[in-house]
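Residue-level structural notes
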Amino acid sequence: MEDVSGIPWVFIHLGWIVLAAVLAYGIWQNRRRRLSQGEKTAQKRKTFENFRVDEDSA
């Protein structure tokens, strides 16, 4: 087996670091973007109105 330089290992470890950073950023954004109580109420109201309109037109 031939001796391989350390550069491929650097890319492998750098890939793990980048992957961990992307996952951490995604989790952080998901936690930060939770809906407030007013937003939840408005979303539920709009959903109910959409279903009601669909049922009325059927």
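For the structure itself, consult the block above.
Presented here is a report on the structure given in the accompanying data block. Being a predicted model, the structure only gives us computed values, none of them experimental. (Residues numbered from 1 in each chain as written. Predicted model: local features only at pLDDT ≥ 70, side-chain atom pairs only at ≥ 80, totals over all residues. Heavy atoms only, no water.)

Considering the overall build of the protein chain
Assigned secondary structure in the protein chain consists of two helices and zero strands. Residues counted as buried form 0% of the 58 residues belonging to the protein chain. For the protein chain, the computed accessible surface area is about 5,900 Å², with 63% contributed by carbon and sulfur atoms. (Helix = DSSP H or I, 4+ residues; strand = E, 2+ residues; numbered from the N terminus. Buried < 20%, exposed > 50% of the residue type's maximum accessible area, 1.4 Å probe, protein only. Areas by Shrake-Rupley, 256 points an atom, 1.4 Å probe, with all protein chains shown as cover.)

Quick notes on the packing of aromatic side chains
A complete count under the given rule lists one aromatic pair for this structure. An angle of 45° between the planes, with centres 6.0 Å apart, marks the rings of Tyr-25 and Trp-28 as tilted. In this pair, Tyr-25 and Trp-28 both sit in helix 1 (residues 7-32), three residues apart, roughly one turn of the helix. Residue class for Trp-28 comes out partly exposed when judged on its relative accessible area of 48%. (Phe/Tyr/Trp six-rings, centres within 6.5 Å; stacked < 30°, edge-to-face > 60°.)

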